[in-house]
Amino acid sequence: MDVFRAIYSSEPFGYDSAILDGILMEARRANLRDGITGALICRADIYLQWLEGPELEVRKALERIERDDRHLEVKVHVAEHVPERTFGEWAMLHDPAATWIWTQSEIASGALKRTSPEEITEFFLRLRRTGAGDAR
């Protein structure tokens, strides 16, 4: 089965638990409908999301995210075909802590711009291996 994977980052606008819950609820509903699975690492200073599924549906999801005013500075870091899903069990796995990726000061000083697509991919593979996250 050919799967398309995309990983993007964005800066949250107006981040709080109600906004995050709304994003997760909408994402899970749309992802179930569209055959997309994935994971979201988020904090008040960053969203980092892995989406996987049919290419057309993943690209449509990215377009919706880019139009969503809750996301600023959307940047796609990875967009590629892969042989299988990594997060197939989750419409959207949510890792609310993710303190191991970067500190807020590292984000503010441009850590994301200096990080390779391979390093970003590894954050999610680590999340998958550890079984961390909230599968709500």
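Since the structure is predicted, the reported quantities are computational estimates derived from the model, not experimental observations.

A. Highlighting the overall build of the protein chain. Within the protein chain, the secondary structure is distributed over five helices and five strands. Overall, the protein chain shows an N-to-C arrangement of helices and strands of β-α-β-β-α-β-β-α-α-α. Within the protein chain, buried positions represent 49% of all 136 residues. For the protein chain, the exposed surface amounts to about 7,000 Å²; the carbon and sulfur share of it is 53%.

B. Unusual backbone geometry, seen in detail. The phi torsion at Glu73 lies on the positive side, around 55°, for a residue other than glycine. According to the relative accessible area criterion, Glu73 is exposed, its value standing at 65%.

C. Broad picture of the nonpolar core. The biggest cluster of nonpolar side chains holds 18 residues, and the ones touching the most others in it are Ile7, Ile41, Leu48, Trp102 and Phe124. Of all the secondary-structure elements, those providing two or more residues to this core are strand E2 (37-43), strand E3 (46-53), helix H4 (111-114) and helix H5 (117-130). Counting residues per element, this core draws most heavily on H5, at four residues. Grouped together as the second largest cluster of nonpolar side chains are nine residues, Ala6, Ile36, Ala61 and Leu62 included.

D. Structural view of the pattern of salt bridges. Scanning the model with the defined rule gives nine salt bridges in all. A salt bridge links Arg64 to Asp34, with the nearest nitrogen and oxygen atoms 3.5 Å apart. Residue Arg64 is located in helix H2 (residues 55-67), and its partner Asp34 is located in helix H1 (residues 17-34); the two are separated by 30 residues in the primary sequence. Judged by its relative accessible area of 10%, Asp34 falls in the buried class.

E. Representation of H1. With 18 residues, H1 extends 25 Å between its outermost C-alpha atoms, agreeing within 8% with the 26 Å of an ideal straight helix rising 1.5 Å per residue. Where H1 is concerned, the buried positions are Leu20, Gly22, Ile23, Leu24, Ala27, Arg28, Ala30, Asn31 and Asp34. Where H1 terminates, the next one or two residues include Gly35, which has phi positive at roughly 75°.

F. Seen up close, the packing of aromatic side chains. Under the criterion given, the structure shown has four aromatic pairs. Judged by centre distance (5.5 Å) and plane angle (55°), the ring pair of Trp50 and Phe124 falls under tilted. Separated by 74 residues along the polypeptide, Trp50 in strand E3 and Phe124 in helix H5 bring together distant segments of the chain. Assessed through its relative accessible area of 0%, Trp50 is described here as buried.

G. The confidence of the model for the protein chain, seen in detail. Averaged over all residues, the pLDDT of the protein chain equals 84, while 88% of them reach at least 70. Here strand E5 (residues 93-95) stands out as the element of the protein chain with the lowest mean pLDDT, 65, in contrast to H2, whose mean of 94 is the highest.

H. Fine view of the side chain of Asp68. Among the structural elements, Asp68 can be located in the loop between H2 and strand E4 (71-82). Overall, Asp68 belongs to the buried group, its relative accessible area being 16%. Looking at Asp68, its side chain comes within polar contact range of the side chain of Arg70, at 2.6 Å.

Calculation criteria
- Residues numbered from 1 in each chain as written.
- Predicted model: local features only at pLDDT ≥ 70, side-chain atom pairs only at ≥ 80, totals over all residues.
- Heavy atoms only, no water.
- Helix = DSSP H or I, 4+ residues; strand = E, 2+ residues; numbered from the N terminus.
- Buried < 20%, exposed > 50% of the residue type's maximum accessible area, 1.4 Å probe, protein only.
- Areas by Shrake-Rupley, 256 points an atom, 1.4 Å probe, with all protein chains shown as cover.
- Core = buried A, V, L, I, M, F, W, Y, C linked by side-chain atoms within 4.5 Å.
- Salt bridge = Lys/Arg side-chain N within 4 Å of Asp/Glu carboxyl O.
- Expected span 1.5 Å × (residues − 1).
- Phe/Tyr/Trp six-rings, centres within 6.5 Å; stacked < 30°, edge-to-face > 60°.
- pLDDT = per-residue confidence, 0-100.
- Polar contact = N/O pair within 3.5 Å; in protein donor to acceptor, adjacent residues only side chain to side chain.

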